[in-house]
Amino acid sequence: MSDVVIIGIGIHPFGRFEKSYEEIGADAARAALRDAGVEWSQIQSAYLSRMYLPATSGVRILRRLGSTDIPITDIEAACASGGAALRQAVLAIRSGEIDLALVLGAEKMPRGFMDPSMIYSQWQIEMGMSLNPAYWSMRARRHMHDYGTTEIQIAKVAYKNHRNSVHNPNAMYKKEFSLEEILSSSLVCDPIRLLEVCAPNDGAAAVVVASEQRARRLGAKAINIAACCHTIAQYSADFRCPADSMSASANNPGPTECTAKQAYERAGLGPKEIDLFEVQDTDAFCEIEIYESLGLCAVGDGGRLVDEGRTEIGGDIPVNVSGGLISKGEPVGASHLGQVVEIVSQLRGNSGPRQVVDAKVGIAHVLGAGGNCAITILKR
Amino acid sequence: MTTWSDKVERKRVPICEDLLIGSLDELNQVRLVGSRCSACGETSLGRRNVCPNCGRETVSEIPLSNRGVLWTYTVVRHRPPGNYKGPDPFAPFGMGLVELPEGLRVLTPIHCDINRLKIGLELQLRPVVRKDADSREVVSFTFEPIACKEIQI
């Protein structure tokens, strides 16, 4: 089976802009093509990851790059859309049908809480059970009850990620906050606070993907896609579905556990062999739970990992050195590809003050509505 | 004697079909309805044709117990987006998963002082009536601590 590699990356900063999604997306796509040294006319298939944009957005964005007749397909899998789109490109290249593809993630979202009618029933909206952070918060509360995780440990994750973002010109906030500022920011849904949640915003990220042979012929610098997996949560296994009831007895592993198991197997690697992690910190608690689900520590020990500083940029398992979604914001369709761009840049050794020393392998992880989870493992 | 207009005004509707069981005119008789699967044994909220766990059609309707225990909770501090029909002006409210004896945890608003919320709190179902602008009466539900009424006095 042929290896699939990334030969070009491009990103449009995440934030809020007086620009159309077509312009934002096209900017990232052009940057990725330029970085790969490839012309748009050479691309054989393109995929757009997006959730909140209209139908055929991929065509609307990429038409700006010039006339083409290649298939351009929009892919949606909530917060995991980017992983789902990248996976389609990987499968197409592995099949031998094509050997050069563009995967773009783009989004433009209104300020504030996300439109609930996209994922909740009308009666849940009328009763007020349609606030995404409420679900993350209930999970946090239970974890605190079961394992003694504290509000301070949760705040420390937000502190770390905001501080990391100071060195990321593509992040929305780029601002360090003290632990006191985070702990005194207003509660969104107890125990989760304003400076501990990510905001929906605008942004785009793109990668040019090729077969290893094609990359060699092009003379491109290649980063290997060691795994690109996508699963959805099994029955009653995740809080983000959202469900109107959960089972008290079903014991299915969560979506991150299932996707990670697949991805580690495909890559032939375990969590100890990975140098950096970009994960779904939709809220600061979520990152703690993901440490456990990715196997970075035992279940219940996520808070301790934070206290020991192991997930900081200088720690032995750096997580979200880009600043994470908490500081970058979450343009849903673009977020996973933004993580992939970050890791490729890190593996190339091009990340400046936030560079993880001698990074060889990195993981990008996203998790969202419908229990959609995607994990990409990249290797140099 | 009941007039036609009285009847129209008094007609109550459930907030969602297939969620409640019992006459809506006698609120203390209203229960949540669940679907129990005889094949896999799982029970889920609402009247369903297929089991959300095993996908079989071996489900039957059961009234769910009106008492349960709070498994986890949060406080919604901001007005939820979209067509929220709660009090105006908005007041923060509790929301949680209530574990029922039938083996499921139901997502519900919780009607009590938010400072009383605690995992393990014993709760009971409280069907509530909301009057819409067209004076239609809509029956929805909340859970409240079992001794709530006495404490409020």
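Remember, it's a predicted structure, so these values are computed and weren't measured experimentally. (Residues numbered from 1 in each chain as written. Chains lettered and ligands numbered in written order. Predicted model: local features only at pLDDT ≥ 70, side-chain atom pairs only at ≥ 80, totals over all residues.)

Caption draft 1: Inspection of the overall build of chain A at higher detail. Of the regular secondary structure elements, chain A holds 13 helices and twelve strands. Its C-alpha atoms give chain A a radius of gyration of 19 Å, within 12% of the compact-globule value 21 Å for 380 residues. Put simply, chain A has 380 residues, and 62% of those count as buried. Taking the intrachain contacts of chain A between residues at least 6 apart in sequence as the baseline, contacts between residues at least 24 apart amount to 77%. (Helix = DSSP H or I, 4+ residues; strand = E, 2+ residues; numbered from the N terminus. Rg over C-alpha atoms; globule rule 2.2 N^0.38 Å. Buried ≥ 20, exposed ≤ 12 C-beta atoms within 10 Å, placed from the backbone. Contact = placed C-beta atoms within 7 Å.)

Caption draft 2: Molecular detail of the overall build of chain B. What chain B contains, in helices and strands, is two helices and ten strands. Listing each helix as α and each strand as β along chain B from the N terminus yields α-β-β-β-β-β-β-β-β-β-β-α. Nonlocal contacts in chain B, meaning residues at least 24 apart in sequence, comprise 46% of its contacts between residues at least 6 apart.

Caption draft 3: Structural detail: the environment of A:His230. Residues and elements named next belong to chain A. By secondary structure assignment, the location of His 230 is in strand S8 (residues 223–231). A residue is classified by how many C-beta atoms lie within 10 Å of it, and His 230, with 26 of them, is buried. In this structure the C-alpha to C-alpha distance between His 230 and Leu 367, which are 137 residues apart in sequence, comes to 9.7 Å. Once residues within four sequence positions are removed from consideration, His 230 is found in contact with Ala 77, Ala 80, Gly 83, Ala 84, Arg 87, Thr 259 and Ala 374.

Caption draft 4: Representation of the domain arrangement of chain A. Residues and elements named next belong to chain A. One can read the domain layout of chain A as domain 1 (4–111 + 202–225) and domain 2 (126–198 + 226–379). On a C-alpha basis, the centroid separation for the pair domain 1 and domain 2 is 24 Å. With 36 residues of domain 1 at the interface, the matching set in domain 2 holds 36 residues. Elements represented by at least two residues in the side of domain 1 that touches domain 2 include exactly strand S1 (4–15), helix H3 (81–94), strand S4 (100–107), strand S7 (202–211) and S8. Sort the elements by how many residues they give to the side of domain 1 that touches domain 2 and H3 lands first, with seven residues. For the side of domain 1 that touches domain 2, a count of residues per class yields 23 nonpolar, eight polar and five charged. (Domains from an automatic or database assignment. Nonpolar A, V, L, I, M, F, W, Y, C, P; charged D, E, K, R; others polar.)

Caption draft 5: Structural detail: the packing of helix H6 (residues 151–165) of chain A against helix H10 (residues 284–293) of chain A. All names here are of chain A. Between H6 and H10, the least distance of the axes is 8 Å, while the angle of their chain directions is 100°. The angle between H6 and H10 places the two elements in the roughly perpendicular class. Together, Gln 153, Ile 154, Ala 155, Val 157 and Ala 158 of H6 and Ala 284, Phe 285, Glu 287 and Ile 288 of H10 make up the contact between the two elements. Split into classes, the residues belonging to the contact of H6 with H10 amount to seven nonpolar, one polar and one charged. (Axes fitted to C-alpha atoms, helices over the stretch in contact; angles between N-to-C directions. Parallel < 35°, antiparallel > 145°, perpendicular 65-115°, else oblique.)

Caption draft 6: Representation of the packing of H3(A) against helix H13 (residues 332–347) of chain A within the structure. Residue and element names in this part refer to chain A. With their axes 6 Å apart at the nearest point, H3 and H13 run at an angle of 65° to one another. Between H3, through Ser 81, Gly 82, Gly 83 and Leu 86, and H13, the contact on the second element is made entirely by Val 332, Gly 333, Ala 334, Ser 335, His 336, Leu 337 and Val 340. When its residues are assigned to classes, the contact of H3 with H13 shows five nonpolar, six polar and no charged.

Caption draft 7: Structural detail: the pairing of strand S7 (residues 93–100) of chain B. Residues and elements named next belong to chain B. With seven of eight residues buried, S7 lies mostly within the body of the structure. Pairing between strand S6 (residues 67–76) and S7: seven bridges, direction antiparallel. Considered in S7, the bridge of Val 69 is made with Glu 99. As paired elements, S7 and strand S8 (residues 104–110) share seven bridges and run antiparallel to each other. By the bridge assignment, Val 98 is partnered in S8 with Val 106. (Pairing = 2+ DSSP bridges.)

Caption draft 8: A look at the interface of chain B and chain A. With 36 residues of chain B in contact, the opposing surface of chain A contributes 32 residues. Elements supplying a minimum of two residues to the side of chain B that touches chain A: strand S4 (43–45), S6, S7 and S8 of chain B. Tallied by class, the residues present in the side of chain B that touches chain A amount to 19 nonpolar, twelve polar and five charged. Across three bridges, strand S9 (residues 245–247) of chain A lies against S8(B) in antiparallel orientation. Each bridged residue has a counterpart across the sheet, and for A:Ser245 the counterpart in S8(B) is B:Val106.

Caption draft 9: Representation of H3(A) within the structure. Over its 14 residues, H3(A) extends 20 Å from the first C-alpha to the last, a length consistent with the 20 Å expected when each residue adds 1.5 Å. A positive phi of about 90° marks A:Gly96, the residue just after H3(A). (Expected span 1.5 Å × (residues − 1).)

Caption draft 10: Summary view of the pairing of S1(A). All names here are of chain A. S1 sits mainly inside the fold: eleven of its twelve residues count as buried. The sheet contact formed by S1 and S7 spans nine bridges and is antiparallel. Bridge pairing in S7 links Val 4 to Ser 211. Here two bridges tie S1 to S8, and the two strands are oriented antiparallel to one another. Residue pairing for S8: Ile 6 is matched across the bridge by Ile 223.

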